[in-house]
Amino acid sequence: MATLQKIRNQAGVLVAVIIGLALLAFILGDMLRSGRSLLRGKQMEIAEIAGKSIDYKEFQQKLDELTEIYKMNSGTNSVDQKTLEQLREQTWQNMVRHYVMTGIYKDLGIGVSSDELFDMVQGNNISPIVQQLFRDPQTGQVNRSAVLQFLKHLETNGTAQQKAYWLFMEKQIVSQREFTKYNDLVSKGLYVTTGEAKQDVANKNHQVDINFIAKTYASVPDSAVTVSDAAMQTYYNNHQELYKQDAARRIEYVVFPVEPSESDKASTHQWIENIKSEFASANDDVAFVNVNSDVPFDDSYYKKDELSPELGDFAFSGKVGDIYGPYKEGETWKLTKIEKFENLPDSVRARHILIRVTSQADAPKAQALADSLKTLIQKGANFATLAEKYSQDPGSANNGGDLGWFRRGTMVKAFNDAAFSAKVNEVKEVKTQYGIHLLQVTKRGKTAPNVQLATISRKIEPSSQTYQNVYSKASKFAGENQTEDAFNKAVAKEGLDKRYATIKEDQQNINGLKDARILIRSAFNNSDVGKLVVSYEGTPIFELGDNFVIAVVTGIQEKGIAPFSAVKDRVELAVRKQQKGDYIAKQMEGKSNLVALAAALNVNEKQAQNLTFNSYSVPGAGVEPAVIGAATTLGLHKVSNPIKGNNGVYMLEVTNIKQGTDTDVAGDKAQLMMTQSYQANTQAFETLKKESDIVDKRSKFY
């Protein structure tokens, strides 16, 4: 029994321990899961604005929304890299304004009511955004009926895409209105007194002429002054705001270019030789070129002198179907077949009616108008009269659509091709990026023989085997040289061309490298000094365009105040300039005869006229505000003390004082108010941004 009881007691302790451990594991597990969640949250943070953490997902959603709006506006289905970067920046600016200003608007009671929004969309105070969207190009006024028609259509038959577009526009209208109200509030809180305006007028009227001498800092040898470490350290401590720096990385890198091998060159030449017989027997040269050539069929016509001498001689001495080549131009092998001959003019005179298409929604309406106008012209309606009434090309509408004479190639391709292939008085419909044109050629210039050519082009490019060979070489280099020391030794041993770059966190490109953003991001986020830069996929090999790049981080510059050691040379220059100023000033002190002083210092005496307190620079001296301040406050025939300026030390004498006749205090007051209002609109928001402690982490993600 005692043994049984003992077992029970020990079991009870054991159970308690097990339960305790289970609870501890549960709690720790929950904490770890929470920690991972918190850590993930910080990892996905793209910014912090006014204490608000901004998640990458939120930013990307806003970017996607803006990108879709851009596509709808431009009528495109995709955006290029440059446009995408611009859209990212616009998204960022929109979010910064939102998070910086939302609390400010709330504190100040700034908002936009539904009635006010209605008024800005279809009332008496139309928003500039709506004005831009619905302005009638003929009158320059907002087409209110078009606004109402659009909103009615949106309510009854609008697509989800159209509704999303309009909702975005409404948000922009509200945002712009709130920001305008805030700027107006700040502007109206500023005031220029009559006394300030009088003083400003007096400053403008007070004009002085001076004689002056200048001894530049550069004229004093460095050996004339002594710069101690203590003096430099003191200067650095007192002027640290001058040495703020952005985050940067110094990298060294080597490039393994992927270039066509001799085998690739021979293979391309053989390909063009092999296809020659097929090209010669092809019945549809346009389709054959578009299927087989690296460059689509070019339907342009050329005169003999517009072709190379060899190709020109061939084209204008041969017949349709003849083939020239293979021949090499640059890094491309070509075959050219004579397609057609035509007698075409060098120039034509034409007129047109332009119906602009600014969005996909405009297209059906524009097409219907173009069809109606074309029918009227074909039935005898006066082209010029219709152009004056309907054409949306302001440069020609007032002249009945007349474009005058123009040479081939001066207009966009579709318009050019139609104009030079049209008969006199024939009406053609042409679509370009500007809209729909009704084109009529009124006169044709002197005609000359032209030829149309069908050309097969095959660029000499690296094969997949060549890519693999170069990649293997780069991979071997990276695998064997993962430290800065090994990297440099291998570069020297293999005779590679080592390149250098200092990159900033938000930098997009590196000179000489294509699409280098991924390398820049990796250098900031995945690399240590003395180690190879590693991509987010864990590889030190970056494929940038037709190059494999391997880089090593050689230095890290953190954002903030640069350490003394990093800016010592700059500090030394500043201290040396100060001491040279003291040295020169000591030579000038107590002197009052500028002519004698100029001779003693071996400098020339100079003159400057009509200086006022508002002058920007001194003729013969440059931008020297200290000199201007002294000159306009010194009495007549008074000689100044030495003045330490931007470029040297000065002494001056006022030789003449004149008073202007400006008495328009009210006008000056209005001008000062306008200047202050402009400054309020530009500086108030910038100040709020600065106070919001914005932490920008976009470079981690883009």
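Read on for an overview of the structure.

Calculation criteria
Residues numbered from 1 in each chain as written. Predicted model: local features only at pLDDT ≥ 70, side-chain atom pairs only at ≥ 80, totals over all residues. Heavy atoms only, no water. Helix = DSSP H or I, 4+ residues; strand = E, 2+ residues; numbered from the N terminus. Rg over C-alpha atoms; globule rule 2.2 N^0.38 Å. Contact = heavy atoms within 4.5 Å. Lys, Arg positive; Asp, Glu negative; His and termini not counted. Charge placed at Lys NZ, Arg CZ, Asp CG, Glu CD. Core = buried A, V, L, I, M, F, W, Y, C linked by side-chain atoms within 4.5 Å. Buried < 20%, exposed > 50% of the residue type's maximum accessible area, 1.4 Å probe, protein only. Axes fitted to C-alpha atoms, helices over the stretch in contact; angles between N-to-C directions. Parallel < 35°, antiparallel > 145°, perpendicular 65-115°, else oblique. Nonpolar A, V, L, I, M, F, W, Y, C, P; charged D, E, K, R; others polar. Left-handed = near helix turned anticlockwise from the far one by under 90°. Pairing = 2+ DSSP bridges. Phe/Tyr/Trp six-rings, centres within 6.5 Å; stacked < 30°, edge-to-face > 60°. Lys NZ or Arg CZ within 6 Å of the ring centre and 35° of its normal. Expected span 1.5 Å × (residues − 1). Bend = angle between axes of the 7 residues up to and from the residue. Arc of directions from axis to C-beta. Salt bridge = Lys/Arg side-chain N within 4 Å of Asp/Glu carboxyl O.

## Examining the overall build of the protein
Helices and strands together make up the secondary structure of the protein, namely 23 helices and 20 strands. Radius of gyration (C-alpha) of the protein: 38 Å, far over the 27 Å computed for a compact globule of 702 residues. Principal-axis analysis of the C-alpha atoms places the extent of the protein at approximately 120 × 95 × 70 Å. Residue pairs at least 24 apart in sequence account for 69% of intrachain contacts in the protein once pairs closer than 6 positions are excluded. Of the charged side chains in the protein, 84 are positive and 84 negative; the average position of the first set lies 2 Å away from that of the second.

## So, the nonpolar core
Buried together is how nonpolar side chains tend to be arranged in soluble globular proteins. Formed by 40 residues in total, the largest nonpolar core has its most connected members in Ile49 and Trp166. Elements with a minimum of two residues in this core: strand 1 (45-49), helix 2 (56-74), helix 3 (81-108), helix 4 (114-122), helix 5 (128-134), helix 6 (144-157), helix 7 (160-188) and helix 23 (665-691). Residue contributions to this core peak at eight residues, all from helix 3. Once residues lying within four places of it in the same chain are set aside, the contact partners of Trp166 are Val121, Val130, Leu133, Phe134, Phe150, Leu151 and Leu154. Within the second largest apolar cluster, 19 residues are counted, among which are Val255, Ala516, Ala523 and Leu544.

## What about the packing of helix 3 against helix 23?
Axis separation between helix 3 and helix 23 bottoms out at 10 Å; the angle between their running directions is 85°. By the criterion of interaxial angle, the relationship of helix 3 to helix 23 is roughly perpendicular. Counted together, Gln93, Val96, Arg97, Val100, Met101 and Ile104 of helix 3 and Phe685, Leu688 and Lys689 of helix 23 form the full contact between these two elements. The class makeup of the residues in the contact of helix 3 with helix 23 is six nonpolar, one polar and two charged.

## Some remarks on the packing of helix 13 (residues 363-378) against helix 14 (residues 383-390)
To describe two helices that pack against each other, one gives the angle between their axes and the distance between the axes. Axis separation between helix 13 and helix 14 bottoms out at 10 Å; the angle between their running directions is 155°. One element, helix 13, and the other, helix 14, form an angle in the roughly antiparallel class. Between helix 13 and helix 14 lies a crossing whose hand is right-handed. Residues Leu369, Leu373, Leu376 and Ile377 of helix 13 form the contact with helix 14, whose own contacting residues are Phe383, Leu386 and Tyr390. Looking at the contact of helix 13 with helix 14, its residues break down into seven nonpolar, no polar and no charged.

## Things to note about the sheet that holds strand 3 (residues 206-216)
Taken together, the four strands give an open sheet; going across it, the order is 17-3-19-18, and neighbouring strands pair in antiparallel fashion. Looking at the sheet topology across the chains shown, the edges are occupied by strand 17 (606-611) and strand 18 (643-644). Where strand 18 and strand 19 (residues 648-659) come together, two bridges link them in antiparallel fashion. Bridging from a neighbouring strand, Ile643 pairs with Tyr650 of strand 19. Where helix 20 (residues 564-588) meets the sheet, it contacts strand 3, strand 18 and strand 19, and its direction lies at approximately 55° from that of strand 19.

## Focus: the packing of aromatic side chains
Any two aromatic rings considered together are summarised by their centre-to-centre distance and by the angle between their planes. By the definition in use, this model includes 17 aromatic pairs. Ring geometry for Tyr236 versus Phe564: centroids 5.4 Å apart, planes at 70°, classification edge-to-face. Within this pair, whereas Tyr236 is found in helix 9 (residues 229-238), its partner Phe564 is found in helix 20, the two being separated by 328 residues in sequence. As far as the burial class goes, Tyr236 and Phe564 line up, both buried. The interplanar angle of 80° and the centroid separation of 5.7 Å between the aromatic rings of Phe477 and Phe487 together place this pair among those described as edge-to-face. A residue pair is termed long-range when its members are at least 10 positions apart, and Phe477 in helix 17 (residues 464-480) and Phe487 in helix 18 (residues 484-494) qualify at ten residues. Phe487 matches Phe477 in its accessibility class, with the two residues each being buried. One aromatic cluster is present, built from ring pairs that chain together Tyr56, Phe59, Phe701 and Tyr702. In this structure, Arg97 packs its charged tip against the face of Phe179, placed 3.8 Å from the ring centre.

## Quick word on helix 10 (residues 262-281)
For helix 10, built from 20 residues, the straight-helix expectation of 28 Å at 1.5 Å per residue is met to within 8% by its first-to-last C-alpha distance of 30 Å. By the largest-angle criterion, Ile275 marks the main kink of helix 10, which is about 35°. Within the sequence span of helix 10, burial applies to Asp264, Thr268, Ile272, Ile275 and Phe279. At its buried positions, helix 10 is contacted by helix 11 (285-292), strand 6 (323-329), strand 7 (332-345), strand 12 (447-459) and helix 17.

## Regarding the environment of Gln683
Note that Gln683 resides in helix 23. Accessibility expressed as a relative area gives 47% for Gln683, which makes it partly exposed. Taking the C-alpha atoms as reference points, Gln683 and Asn183, 500 residues apart in sequence, are found 10.0 Å from one another.

## Points about helix 14
Considered for burial, the residues of helix 14 that qualify are Phe383, Leu386 and Ala387. For helix 14, the angular spread of buried residues about the axis comes to 105°, placing them on one side. Packing partners of the buried residues in helix 14 comprise strand 8 (347-356), helix 13, helix 15 (394-397) and strand 11 (435-444).

## Thoughts on the pattern of salt bridges
When charged atoms on two side chains of opposite charge get close, those side chains can pair. In the structure shown here, the tally under the stated rule is 30 salt bridges. Across the pair Arg458 and Asp294 runs a salt bridge, and its minimum N-O distance is 3.7 Å. Note that Arg458 is positioned in strand 12 and Asp294 in the loop between helix 11 and helix 12 (309-315), a separation of 164 residues in sequence. With a relative accessible area of 23%, Arg458 lands in the partly exposed category. Exposure remark for Asp294: the relative accessible area of 42% places this residue in the partly exposed category. Residues Lys489 and Asp485 are paired through a salt bridge, measuring 3.3 Å at the closest nitrogen-oxygen approach. Taken together, the positions of Lys489 and Asp485, both in helix 18 and four residues apart, correspond to about one turn of that helix. One salt-bridge network, in which partners are shared between bridges, spans Glu89, Asp696 and Arg698.

## Let's talk about the sheet that holds strand 6
Ordered in space as 6-7-12, the three strands form an open sheet in which the pairing is antiparallel. Edge strands, defined here as strands with exactly one partner in the open sheet, are strand 6 and strand 12. Going from strand to strand, the sheet's axes swing by 40° on average, the running direction of each strand aside. Bridge count for strand 6 against strand 7 is five bridges, and the pairing is antiparallel.

## Concerning the pairing of strand 2 (residues 52-55)
Judged from the four bridges that link them, strand 1 and strand 2 form a sheet pairing that is antiparallel. Note on strand 2: the bridge partner recorded for Glu45 is Asp55. The turn linking strand 1 back onto strand 2 is made up of two residues, and Ala50 within it adopts a positive phi angle of 55°.

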